[in-house]
Amino acid sequence: MRRLLDAGPQSIGNGPARGRFAPSPTGPLHFGSLVAALASFLEARRCGGEWLLRIEDLDTPRSVPGATDAILRALDRHGLHWDGPVWYQSQRREGYEAALERLSRAGLAYPCTCTRRELATLSIHASDGGPIYPGHCRDGIRQPGRPAAIRLRVTDTPLAFQDAVQGSYAQDLEREVGDFVIRRTDGLFAYQLAVVVDDAAQGITQIVRGGDLLDSTPRQIYLQTLLGLPTPAYAHLPVAVDRRGHKLGKQTGAAPLDLDKPGLALMAALRFLGQNPPFELGGAPILAWACTHWRLERVPPIPARRWDPRRAREPAPDGLTQAIELLDLER
Ligand SMILES: [Zn+2]
């Protein structure tokens, strides 16, 4: 595995760097989301690039009222200031419609009436746990009259890319994923399509995000190719997981960031990302240190990393910040 990033102080893409952070408004920011926000911010800022913010509020049933405001406030408190206006996927429907139209006209998209339940009985499963779609409706829907999702035809050509942290990654979409949904039965556009359309519309050149999205990336590159859009550079970070190996998140009870102690969380996130900030920095100067010293090549190339928030301790009484330790540096 070789990383892209040997060459000097340049961005992982060519030309002016433009990165982004794209949270879903399903709850307040927690440690895991701070890791992604911070790394994407630092990688963009390192070379004087821009860092944009996009709220992925496409899945309106899962959106939590007030979550967007809480996210913006938390980013601000941690000194992660974004460029330009905040984008909202809920206002981008026309862009997704146009992309779907283009794919449909090219004969690449088709309606599918298979239910999740019907597909769940299949024994072959993709790496993300979902069933590999066997192409039941490729030549016409099976159950006319039922609501239909729209799927994208894939091919069995292996699709490979070089991830700046995880190294080379390849996937055969037909064998490992199957034709995938780009518009859901309920009419909402799927994440895979929306993210590709928005990254291109915002001129994103580098995508730094959690490793849980590594195996979505070939689908996104495939879509970029079909839609004639540029492919950004990718870097997938280790995902913060709890003792049981579950991704930190609202569902697993991850605590919201403490907005009164941004320095502590930034310190912990930098250590999680393999950077080595001096403990004596504490408080606010930590972000200034990080902007100068950030190195993507120090991020450990592992998909998941255990982290226990209880280990991010308080400053000691003598004013020196005690160790903010990772519970376990192993896989
Ligand atoms: Zn089907």
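As shown above, the structure is provided for reference.
Along each chain, residue indices are assigned from 1 in the same order as the chain's sequence is written. Where totals are concerned, whole chains, interfaces and linings use all residues; where local detail is concerned, this predicted model gives features only for residues with pLDDT of at least 70, and gives and counts side-chain atom pairs only at 80 or more.

A.B. asks: I'd like to hear about the sheet that holds strand β4 (residues 109–112), residue by residue, with values.
C.D. replies: Two strands form a pair only when DSSP identifies at least two bridges running between them. Secondary structure elements follow DSSP: runs of H or I of four or more residues count as helices, runs of E of two or more count as strands, with numbering from the N terminus. Here we have three strands laid out as an open sheet, ordered β4-β5-β8, and antiparallel in their pairing. With one partner strand each, in any of the chains shown, β4 and β8 (180–183) form the two edges of the open sheet. Each neighbouring strand pair of the sheet contributes to a mean axis angle of 45°, computed without reference to strand direction. Pairing of strand β5 (residues 149–152) with β8, which is carried by three bridges, proceeds in the antiparallel orientation. Axis lines are fitted through C-alpha atoms, for helices just across the contact stretch, and the angle between N-to-C directions can take any value from 0 to 180 degrees.

A.B. asks: So, the nonpolar core: which residues are in play, and what are the values?
C.D. replies: In this description, a nonpolar core means buried residues of the types Ala, Val, Leu, Ile, Met, Phe, Trp, Tyr and Cys, linked to one another by C-beta atoms lying within 7 Å. Any residue surrounded by 20 or more other C-beta atoms within 10 Å of its C-beta is treated as buried, while 12 or fewer makes it exposed and the intermediate range makes it partly exposed; C-beta atoms here are placed from the backbone. Among the nonpolar cores identified, the biggest contains 53 residues, and Val35, Leu38, Leu237 and Ala269 are the most heavily contacted of them. Of all the secondary-structure elements, those providing two or more residues to this core are α1 (31–45), β2 (50–55), α2 (67–77), β9 (206–210), β10 (233–237), β11 (239–241), α8 (262–272) and α9 (285–293). By residue number, the principal contributor to this core is α1, which donates nine residues. In terms of nonpolar packing, the next biggest core, distinct from the first, is built from 29 residues, Tyr96, Ala149, Tyr191 and Ile221 among them.

A.B. asks: Tell me what's going on with the environment of Gln202, and back it up with residues and numbers.
C.D. replies: Among the structural elements, Gln202 can be located in the loop between α6 (191–201) and β9. Distance from Gln202 to Arg20, taken between C-alpha atoms, is 9.0 Å for residues 182 residues apart in sequence. Not counting the four nearest positions on each side in its chain, Gln202 is found in contact with Arg20, Leu52, Arg54 and Trp87. Distance between backbone-placed C-beta atoms decides contact: two residues are in contact if it is within 7 Å.

A.B. asks: I'd love a proper account of the packing of α6 against helix α7 (residues 217–227), names of residues and values included.
C.D. replies: The N-to-C vectors of α6 and α7 enclose an angle of 55°; their axes lie 9 Å apart at closest approach. The angle between α6 and α7 falls in the class oblique. Crossing of α6 against α7: the hand is right-handed. In this structure, α6 uses Gln192, Leu193, Val195 and Val196 to contact α7, whose residues at the interface are Arg219, Gln220, Leu223, Gln224 and Leu227. Of the residues that constitute the contact of α6 with α7, the class distribution is five nonpolar, three polar and one charged. The cut-offs work like this: below 35 degrees is roughly parallel, past 145 is roughly antiparallel, 65 to 115 is roughly perpendicular, and the gaps in between are oblique. Two helices cross in a left-handed way if the nearer one is turned anticlockwise from the farther one by less than a right angle. They cross in a right-handed way if the turn is clockwise. Three classes are used, and their members are as follows: Ala, Val, Leu, Ile, Met, Phe, Trp, Tyr, Cys and Pro are nonpolar, Asp, Glu, Lys and Arg are charged, and the others, Gly among them, are polar.

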